[in-house]
Amino acid sequence: MNKRRGRIANKFMITFGVFTFVILLIVGLVTYYSQVSIYQEQCEQNLQNVCAYLKNLMEEEKEDTLLYQDYLMAHYEEMKLPMDFTEYRSYRGAFEKLFAEKYPDKTLGVDIQITECDDETQLSYFTYRHAYWTIVFEKARTAMNVYTTYYIAPPGDPLYMTYIIDCIREAKEDDPNYINIGITVEEPLEQHKTMWEAYNTGENPHGYDVYDNELGHTYAYYSPLIIDGEVIGVVSAEIEVDTVNKDILYNTMQQLVFVAIVLISGVMLLVAYINARYVGRLSKLEKRVKQYSETKDIKVAKEIEQSRNGNDEITTLSEKIAIMIFELDNYMKNLVSASDELGKMKQQADIMNELAYKDSLTGIRNKLAYEQEAQRLSWGIAAGNAEFAIAMIDLNFLKRINDTYGHEQGNLAIKNLCTLICKTFRHSPVFRIGGDEFCVVLEKLDYNSLDKLIADFSNAIKQNEANTDADPWVAFSAAIGYACFDKEIDRDVNSVLKRANKAMYANKKAMKASRND
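Residues numbered from 1 in each chain as written. Predicted model: local features only at pLDDT ≥ 70, side-chain atom pairs only at ≥ 80, totals over all residues. Heavy atoms only, no water.

Trainee: For this particular structure, what's the right way to read the overall build of the protein chain?
Mentor: In terms of helices and strands, the protein chain carries 14 helices and 10 strands. Sorting the 517 residues of the protein chain into buried and exposed places 38% on the buried side. Expressed as a percentage of contacts within the protein chain between residues at least 6 apart in sequence, the contacts between residues at least 24 apart total 64%. (Helix = DSSP H or I, 4+ residues; strand = E, 2+ residues; numbered from the N terminus. Buried < 20%, exposed > 50% of the residue type's maximum accessible area, 1.4 Å probe, protein only. Contact = heavy atoms within 4.5 Å.)

Next up, the structure:
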């Protein structure tokens, strides 16, 4: 029987081994090609996002951007920045000190414009601005995980572009310790169609410039910088296609290794279970039949005699089947009973777990659930891939409603506010963390639509307050504040919550001042 048992186990191992290999092959191919499509779309979207971000920053400071670009075009040879500088504050400090010495009684931008200052002061100011923009573009490159970011503008010659800002520092030929500023290069139309399309049309192009350089195969996206209706240059971001393909292959291999471990472990457990549960039971059954033949146990003998019909192989098979049915019947009864008990215990545990994380008044998640969510966000912060915002919402005048109309109406106001919050932030988890305080964690779709959602909620509150004919628990008022996770200033989730809470109280104060007016 042991040899027979070994042969059965080996057949199971071979069968499941072939099955595992086929599944891994299919999963690997499907994962790789789906990753190629998804990851390339993500990279292209990332290029668009970083260009839009840098473009918005420059357009917000449009007057200074125009002055900076004009000055750099004319005086780039006079500007000096070391190759290894890592911050811009020292250059700003040097400018402020020089300005204070030369114009002690004047305020820049109020009493005097930078263009009215002497050459030394202007050079100090625009050197500081170049250091600032270089740092901004370098940080954007690192944060968005692209190869390079830069801003270029035409110097006047057709099909030429001057690098106003470039996060890849190139040393001067005559002095390698300093950055080569104001590099002007020819950009042929046939090689940079998308770039010239962005500049000439003033619209974001559909597509990318794809070319080979010393870095390899590269995608480049361009976005026009428009100030006062005029295109003055283009912002660009680039990413290496080879890097993208390596990342795709690495991610695919990671997933495939994980699936392989899970699948192989499952197959080994399944084979072990079958070997112990079924093949082993056959061996035990044979031993019991042999034991009856040797010991002539009365109970087993009676069962054999009741099913015995003749003295041949069928009789022997009938005897063994009778014993197997008896054992399986007992086993199945115990198994069903145990399964029912486990099901009831699991159901009770699920109910208790749900109640532990559920707010009894509103039916949404409670403070304990928020703490669990904060732990999940903390893991994202530790992994370096956290991107979320927290909104704090507080019901106004709850005490007045409770004191005037009773706590039942106050509870109704809380539930009405909860309904409005859940309706506005329908894709985000909402938590009641205090008597009249609510918290919303915004990620992914709602994080990207954060400003619109906050505006929608504020407008809904204004409409509520305007309904003067309704009861206070229907025409309720609430303050809202939010904060986005910033790895430069936030060390944990609680830091983001505190800033959101502070913003909420500022909104509450502003609402109170508006009502007093």
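So, next bit.
Trainee: Where do I start with the pairing of strand β2 (residues 160-166) in this structure?
Mentor: When a strand is regular, its side chains alternate between the sheet's two faces. In terms of burial, β2 is largely enclosed, as five of its seven residues are buried. A loop of six residues connects strand β1 (residues 148-153) with β2, the two strands running antiparallel in sequence, and Gly-156 in this loop sits at a positive phi of about 125 degrees. Bridge analysis of β2 against strand β3 (residues 184-186) gives three bridges, and the strand direction is antiparallel. Residue pairing in the sheet places Met-161 in a bridge with Val-185 of β3. (Pairing = 2+ DSSP bridges.)

Trainee: Would you mind showing me how to read the sheet that holds strand β9 (residues 437-442) here?
Mentor: To summarise the sheet geometry, strands pair through backbone hydrogen bonds and adopt either a parallel or an antiparallel arrangement. Spatial strand order, β8-β9-β7-β10: four strands in an open sheet with antiparallel pairing. For this open sheet the edge positions go to β8 (430-432) and β10 (478-484), each flanked by a neighbour on one side alone. Between one strand axis and the next, the sheet turns through 20 degrees on average, direction left out of account. Judged from the six bridges that link them, strand β7 (residues 389-395) and β9 form a sheet pairing that is antiparallel. Bridge pairing in β9 places Met-392 opposite Cys-439. (Axes fitted to C-alpha atoms, helices over the stretch in contact; angles between N-to-C directions.)

Trainee: Looking at this structure, I do not really get helix α13 (residues 450-466). What am I missing?
Mentor: Over its 17 residues, α13 runs 24 Å from end to end, which matches the ideal 24 Å to within 8%, given 1.5 Å per residue. Taken together, the buried positions of α13 are occupied by Leu-450, Leu-453, Ile-454, Phe-457, Ala-460, Ile-461 and Asn-464. Each buried residue of α13 sits inside an arc of 125 degrees when the element is viewed along its axis, so together they form one side. Summarising the geometry of α13, the exposed residues directed more than 90 degrees from the buried face are Asp-451, Lys-452, Lys-462, Gln-463 and Ala-466. (Expected span 1.5 Å × (residues − 1). Arc of directions from axis to C-beta.)

Trainee: I tried to follow the pattern of salt bridges on my own but got confused; where do I start?
Mentor: Per the stated rule, a full pass over the model turns up 13 salt bridges. We note a salt bridge from Asp-228 to Lys-62, for which the minimum N-O separation is 3.1 Å. One end of the pair, Asp-228, is in the loop between β5 (216-227) and β6 (230-240); the other, Lys-62, is in helix α2 (residues 62-75), with 166 residues separating them in the sequence. A relative accessible area of 35% places Lys-62 in the partly exposed class. With its nearest N and O atoms 2.7 Å apart, the salt bridge here joins Lys-508 to Asp-394. Remark: Asp-394 occurs in strand β7 and Lys-508 occurs in helix α14 (residues 493-516); sequence separation between them is 114 residues. The two residues Lys-508 and Asp-394 agree in class, both being buried. Each member of the salt-bridge network shares a partner with another, and the members are Glu-61, Asp-64 and Arg-129. (Salt bridge = Lys/Arg side-chain N within 4 Å of Asp/Glu carboxyl O.)

Trainee: Looking at this model, I keep getting lost on the nonpolar core. Mind explaining?
Mentor: The nonpolar side chains of soluble globular proteins are, as a tendency, buried together. Of all hydrophobic cores here, the largest spans 50 residues; its most connected members are Tyr-370, Ile-393, Phe-425 and Phe-457. Tyr-71, Tyr-132, Val-146 and Ile-181 belong to the second largest nonpolar core, which has 48 residues in total. (Core = buried A, V, L, I, M, F, W, Y, C linked by side-chain atoms within 4.5 Å.)

Trainee: Where do I start with the environment of Asp-111 in this structure?
Mentor: Inspection of the secondary structure assignment puts Asp-111 in the loop between α3 (89-102) and α4 (119-144). For Asp-111, a relative accessible area of 44% corresponds to the partly exposed category. Here Asp-111 is in contact with Asp-105 and Lys-106, once residues within four sequence places are set aside.

Trainee: How do you make sense of the packing of aromatic side chains when you look at a structure like this?
Mentor: For any pair of aromatic rings, geometry is given as the distance between the ring centres together with the angle between the planes. Inspection of the entire model under this criterion finds 19 aromatic pairs. On the numbers, 5.0 Å between centres and 85 degrees between planes, the contact of Tyr-88 with Tyr-132 is edge-to-face. Of the two residues, Tyr-88 sits in the loop between α2 and α3 while Tyr-132 sits in helix α4, which places them 44 residues apart along the sequence. For the residue pair Tyr-88 and Tyr-132, the accessibility class agrees, reading buried in each case. Between Phe-95 and Tyr-125, the ring centres sit 5.0 Å apart and the planes meet at 65 degrees, which makes this aromatic pair edge-to-face. Linking Phe-95 in helix α3 with Tyr-125 in helix α4, this pair joins segments that are 30 residues apart in sequence. Comparing Phe-95 with Tyr-125 shows no difference in burial state: the two are buried. Every member of this aromatic cluster is reached through a ring pair, and the members are Tyr-71, Tyr-88, Phe-95, Phe-99, Tyr-103, Tyr-125, Phe-126, Tyr-128, Tyr-132, Trp-133 and Phe-137. Taking the ring centre of Tyr-178 as reference, the NZ or CZ of Lys-80 above it sits at 4.2 Å. (Phe/Tyr/Trp six-rings, centres within 6.5 Å; stacked < 30°, edge-to-face > 60°. Lys NZ or Arg CZ within 6 Å of the ring centre and 35° of its normal.)

Trainee: Please explain a nonpolar patch on the surface as it appears in this structure.
Mentor: Taken together, the side chains of Ile-14, Val-18, Phe-21, Val-22, Leu-25, Ile-26, Leu-29, Val-30 and Tyr-33 make up a nonpolar region of the molecular surface, amounting to roughly 930 Å² of accessible area. Locating Val-22 in the fold gives a position in helix α1 (residues 2-60). (Patch = residues over 30% accessible without salt bridge, like charges linked within 9 Å, V, L, I, M, F, W, Y side chains within 5 Å. Areas by Shrake-Rupley, 256 points an atom, 1.4 Å probe, with all protein chains shown as cover.)

Trainee: Is there a simple way to explain the packing of helix α11 (residues 407-424) against α13 in this structure?
Mentor: Relative orientation and spacing of two packed helices are given, respectively, by the angle between their axes and the distance between those axes. Contact geometry of α11 with α13 gives a least axis separation of 10 Å together with a crossing angle of 150 degrees. In terms of orientation, α11 and α13 fall into the roughly antiparallel class. Pair α11 / α13 crosses with right-handed handedness. Counting all contacts with α11, which are made through Leu-417, Leu-420, Ile-421 and Thr-424, the residues of α13 involved are Leu-453, Asp-456, Phe-457, Ala-460 and Ile-461. For the contact of α11 with α13, a count of residues per class yields seven nonpolar, one polar and one charged. (Parallel < 35°, antiparallel > 145°, perpendicular 65-115°, else oblique. Left-handed = near helix turned anticlockwise from the far one by under 90°. Nonpolar A, V, L, I, M, F, W, Y, C, P; charged D, E, K, R; others polar.)

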